[in-house]
Amino acid sequence: MDDSIDWGQHRVVQMRRGTAEARISELEAAVASLAAERDAAVQSRDVLAAELASAHERMLAAERERDRLVQAHERLRVELERLKRRLTVAKAERVDTTQLELEFAEKLRELEEVAGTLGMKESSDDPEQPQKKRKKKPSGRRDLADLNLPEERVEITDPEMERLVAEGKATRHGVEESRRLMHQKAGLRCVVIERVKYRLFDEGAGRTTVVTAEQPPDLLERSIFTPSLAANVIHEKVDKSLTLYRIEEDFRRRGVSLDRATMSRRLEDLGATFGATVLHEARLEAMSRAFCIATDATGFKIQPGRHGTSERRPCKRGHFLVLIADRDHVFFEYMERETSEAIAKIFEGFTGHIQADAKGTYDILFRAGPPPSPDEPPREAAREVGCWSHMRRYFWEATAISKSEIAREGLARIGRVFELERLWAHHDPVKRKRLREAHLRAHVESFFEWNNHQAALIEEPGYVRRALQYTQRHEAAFKRFLDNGRLVLDNNRSERALRKIAVGRKNWLFAGSDLHASSLGHLLSLNASARLHGLDPEAYFRDLIRVLPFWPRGRYLELCPRDWPATRAKLDPQQLAAEVGWLDVPDVSR
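A few points on the structure. (Residues numbered from 1 in each chain as written. Predicted model: local features only at pLDDT ≥ 70, side-chain atom pairs only at ≥ 80, totals over all residues. Heavy atoms only, no water.)

## Concerning the packing of helix α10 (residues 388-402) against helix α12 (residues 429-457)
In plain terms, the rule: Axis definition: a line fitted to C-alpha atoms, limited for helices to the stretch in contact. Angles are taken between N-to-C directions and run from 0 to 180 degrees. By the criteria applied, helices consist of DSSP H or I runs no shorter than four residues and strands consist of E runs no shorter than two, each listed in order from the N terminus. Angle categories: roughly parallel below 35 degrees, roughly antiparallel above 145, roughly perpendicular from 65 to 115, and oblique for all the rest. Each crossing gets its handedness from the near helix: less than a right angle anticlockwise from the far helix is left-handed, clockwise is right-handed. We call two residues contacting when some pair of their heavy atoms lies within 4.5 Å. For this scheme, ten residues count as nonpolar: Ala, Val, Leu, Ile, Met, Phe, Trp, Tyr, Cys and Pro. Four count as charged, namely Asp, Glu, Lys and Arg, and the remainder, Gly too, count as polar.
Relative orientation of the contacting elements α10 and α12 amounts to 40°, with a least axis distance of 15 Å. Here α12 runs oblique to α10, going by the angle between their axes. In this structure, α10 meets α12 at a crossing whose hand is left-handed. Residues Trp388, Met391 and Phe395 of α10 lie in contact with α12, whose contacting residues are Val444, Phe447, Phe448, Trp450 and Asn451. Class assignment for the residues of the contact of α10 with α12 results in seven nonpolar, one polar and no charged.

## A short note on unusual backbone geometry
Negative phi values dominate among residues other than glycine, just as trans dominates among peptide bonds. Our working rule: Each residue's exposure class comes from its accessible area (1.4 Å probe, protein chains only) as a fraction of the maximum for that residue type: buried when under 20%, exposed when over 50%, partly exposed otherwise.
The phi angle at serine 241 is positive, at roughly 60°, despite the residue not being glycine. Inspection of the secondary structure assignment puts serine 241 in the loop between α5 (227-239) and α6 (244-253). Of note in the backbone geometry, aspartate 326 takes a positive phi value of approximately 50° without being a glycine. In this structure, aspartate 326 sits in the loop between β6 (316-325) and β7 (329-335). Given the relative accessible area of 22%, aspartate 326 is considered partly exposed.

## With respect to α10
Filter applied, for reference: Multiplying 1.5 Å by the residue count of a helix minus one yields the expected span of that helix.
Under the 1.5 Å per step criterion, the end-to-end length of α10 is 21 Å for 15 residues, consistent within 8% with the ideal 21 Å. Counting buried positions along α10 gives 12 out of 15 residues, so the element sits mostly inside the fold. Within α10, burial applies to Trp388, Ser389, His390, Met391, Tyr394, Phe395, Trp396, Glu397, Ala398, Thr399, Ala400 and Ile401. Downstream of α10 by a residue or two, lysine 403 has a phi angle that is positive, lying close to 55°.

## Re the packing of helix α7 (residues 260-276) against helix α16 (residues 514-532)
Relative orientation and spacing of two packed helices are given, respectively, by the angle between their axes and the distance between those axes. The contact between α7 and α16 brings their axes to 8 Å, and the two run at 65°. The angle between the axes of α7 and α16 places the two elements in the roughly perpendicular class. For the pair α7 and α16, the crossing hand works out as left-handed. Residues Ser264, Leu267, Glu268, Gly271, Ala272, Phe274 and Gly275 of α7 form the contact with α16, whose own contacting residues are Leu515, His516, Ser519, His522, Leu523 and Leu526.

## With respect to the pairing of β6
Cut-off, in case you're wondering: Pairing between strands is defined by DSSP: at least two bridges between them are needed.
In terms of burial, β6 is largely enclosed, as eight of its 10 residues are buried. In the sheet, β6 pairs with β7 via seven bridges, with the strands oriented antiparallel. Across the sheet, the residue bridging to phenylalanine 320 is tyrosine 334, located in β7.

## Digging into the packing of aromatic side chains
Ring pairs (aromatic) are described by centroid distance and by the angle formed between their planes. Heads up, the rule is: Classification of ring pairs uses Phe, Tyr and Trp, with its six-membered ring standing for Trp, and accepts pairs whose centres are within 6.5 Å; under 30 degrees between planes counts as stacked, over 60 as edge-to-face, and the remaining range as tilted. For a lysine, the NZ atom is tested; for an arginine, the CZ atom; a charge sits over a ring if that atom is within 6 Å of the ring centre and within 35 degrees of the ring normal.
Summed over all chains, the structure comprises 17 aromatic pairs. Each ring, one from phenylalanine 347 and one from phenylalanine 350, has its centre 6.5 Å from the other, and the planes form 50°; the classification is tilted. Of the two residues examined, phenylalanine 347 and phenylalanine 350, each falls in the buried class. Three or more aromatic residues joined by ring pairs make a cluster, and in this case those are Trp388, Tyr394, Phe395, Phe447, Phe448, Trp450, Tyr470, Phe478 and Phe481. For the cation-ring pair, arginine 392 lies above phenylalanine 418, with the distance from its terminal atom to the ring centre recorded as 4.3 Å.

## Concerning the pattern of salt bridges
The test is simple: For salt bridges, the criterion is a side-chain nitrogen of Lys or Arg within 4 Å of an Asp or Glu carboxyl oxygen.
As enumerated under the stated definition, the model contains 48 salt bridges in all. Here arginine 45 and aspartate 46 are joined by a salt bridge, their closest N and O atoms 3.3 Å apart. For arginine 45, a relative accessible area of 51% translates into the label exposed. Salt-bridge contacts for glutamate 285 lead to arginine 289; the nearest nitrogen and oxygen are separated by 3.8 Å. One end of the pair is glutamate 285 and the other is arginine 289, both in helix α8 (residues 278-289) and four residues apart, which spans about a single turn. With a relative accessible area of 66%, arginine 289 lands in the exposed category. Residues joined by salt bridges that share partners form a network here, namely Lys433, Glu437, Arg441, Glu445, Glu475 and Lys479.

## Looking at the nonpolar core
The cut-off we apply is this: Put simply, buried Ala, Val, Leu, Ile, Met, Phe, Trp, Tyr and Cys residues joined by side-chain atoms within 4.5 Å make one nonpolar core.
Counting 85 residues, the largest nonpolar core has Phe225, Ile234, Phe274, Leu321, Phe332, Phe347 and Leu559 as its most contacted members. For this core, the element with the highest residue contribution is α16, accounting for seven residues. Setting aside its immediate chain neighbours within four residues, leucine 559 contacts Val278, Tyr540, Leu544, Val547, Leu548, Trp551, Trp564 and Thr567. One finds Phe291, Leu420, Tyr470 and Leu487 within the second-largest nonpolar core, a separate group that totals 38 residues.

## Considerations on the side chain of asparagine 527
The condition that has to hold: Under this definition, polar contacts are N or O atom pairs within 3.5 Å; protein pairs additionally need one hydrogen-donor-capable and one acceptor-capable atom, and for neighbouring residues in sequence, both atoms have to be side-chain atoms.
In this structure, asparagine 527 sits in helix α16. Residue asparagine 527 is classed as buried on the basis of its relative accessible area of 3%. Within the structure, the side chain of asparagine 527 is placed 2.9 Å from the side chain of aspartate 239, a separation counted as a polar contact. Setting aside its immediate chain neighbours within four residues, asparagine 527 contacts Val238, Asp239, Pro537 and Phe541.

## Examining α8
The end-to-end C-alpha separation of α8 is 16 Å, in line with the 16 Å expected for 12 residues at 1.5 Å each. Where α8 is concerned, the buried positions are Val278, Leu279, Ala282, Glu285, Ala286 and Met287.

## A few points about the environment of valine 330
Mapped onto the secondary structure, valine 330 falls in strand β7. For valine 330, a relative accessible area of 4% translates into the label buried. Residues valine 330 and alanine 528 lie 198 residues apart in sequence; the distance between their C-alpha atoms is 6.2 Å. Apart from the residues lying within four places of it in its own chain, the contact partners of valine 330 are Val322, Leu323, Ile324, Ser525, Ala528, Ser529 and Leu532.

## Some points on the sheet that holds β7
The sheet built from five strands is open, its strands ordered β7-β6-β5-β8-β9 with mixed pairing. At either end of the open sheet lies a strand with only one pairing partner, and these are β7 and β9 (383-385). Strand-to-strand twist across the sheet, computed as the mean angle between neighbouring axes with direction ignored, equals 30°. Both strand β5 (residues 292-302) and strand β8 (residues 353-355) contribute to a ladder of three bridges, which runs parallel. Across the sheet, residue alanine 294 finds its bridge partner in β8, namely glutamine 355. Packed onto the sheet, α16 meets β5, β6 and β7 and runs at close to 165° relative to β7.

## Here's the deal with the pairing of β7
Each regular strand carries side chains that alternate between the two faces of the sheet. Most of β7 is tucked away, with seven of its seven residues classed as buried. Burial along β7 is two-sided: His329, Phe331, Glu333 and Met335 facing one way and Val330, Phe332 and Tyr334 facing the other are all buried. Between the end of β6 and the start of β7, which pair antiparallel, lie three residues, with aspartate 326 showing a positive phi angle near 50°.

## Examining the environment of histidine 319
With respect to the helices and strands, the residue histidine 319 is situated in strand β6. For the pair histidine 319 and alanine 297, spaced 22 residues apart in sequence, the C-alpha to C-alpha distance is 6.6 Å. If we skip the residues at most four places from it in the chain, histidine 319 touches Thr298, Gly299, Glu333, Tyr334, Met335, Glu336, Arg337 and Glu338.

Coordinates in, geometry out; function isn't part of it.
Below is the structure:
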């Protein structure tokens, strides 16, 4: 019985051992499964961590790209806003001055108390080998007698032959006729020039000689143009900025065939003649005597030469530089390239004041240079005068685009300087300088102290910083107007003069060559100078073309627009009014 019990216990133990072993196997399998799952989880975690790191990097890259695009968008928005304002509003630079005065009333009041201006109000006072175009066969000189135009006859006599006629030693033997076109505001007329022929009796030789009266000097020789017609074409082309094609069409409507090629050649010749005579003398005087020359430049398209090839090429870019010498002369100088060397050549010999914008090409004028030759002294530097309107434009753009409080305050301060300057603009230079010293200098000094302080604080690039740094760099030039009452705050007169070029290039598109552009500049110069002195440009050009062939060398300055009224008063009115004929030049000693 004991053995059976032992066997039973043994079987129980064996069963329990089998069960335990089975359980252990299950547990080992479970542990192995869990270990496999753990390894898979660790691997998955590593993959997820790598994916997370990659996603994080992509997120950072996207944020950086977003920030870059936001900044680029902001820059484009600001630039678009600036261009919109320049196209629509910026030309006037409209600013609500009342609002500015309200915002900065306290600061302006403190400045005005220091300057002694508190309570001052503004007074109102451009197949493989194409066939060459055949030139049109010349048809000869047109017969003006076929035109149905009123005629005005001018008889040219020879005083010596007239004396012989009176003594019975000669007789008149008909006339030699030639015709030219004359312009009047009432319409075109045909001028018939009658050069008297004389039959001269030589009793000793027993023969008769025919003599024709000499042709007077004329700028328009062998041409159908008279001074009035040439002046009218110049006026239409230069003053009205019309194209020669439109002028040609206008003459055709009036029954006259005057082609634009003929007009172009005649204008080029006249422009070159004026440049070598009247304008040459005026420039010499301006460079030696002018107190201040205001200048600015703009581009102009020039048609390229063909150079023996039929290939079309784009227009090149030239430049016109305007020079306003005090209240005396206006010059339009053509430059092939706007370089410092070209600027220095135009201003060669001038050491007075030059008012211009702060373009780098002008810097050479304000630095002393080496002497032209070893025997001459070093070249003196001109004195730079800044343009406050140009400076104000920087602050206006910063105000309109960046909405900066600093820029608005700068505008308010600059505006007050302009308001005070207008109060004594009608005074003579001596009194104007005294008033500036007494009242305006304090405003100017305070403005530059404030500007330099703000420029040191602002480090972020933008329109505000650009305005402050521009003003700081050129402080001495902006203050120079305080040194002399003849100097003015702005260079707006140069920009106004360049409007004629800006309007003209939209109509003319380009000039035919550098020589054409140079001649055009000479015509523009005399036209602007005539308007500067209150003359009718068309009448002035007519008189100048009439008298210039008779005028002696060395006295061309008498014909410039500034001196023309006094010179004209000394001439015989009847001789000057005649389109063709002799003209007596007055003696300078009278």
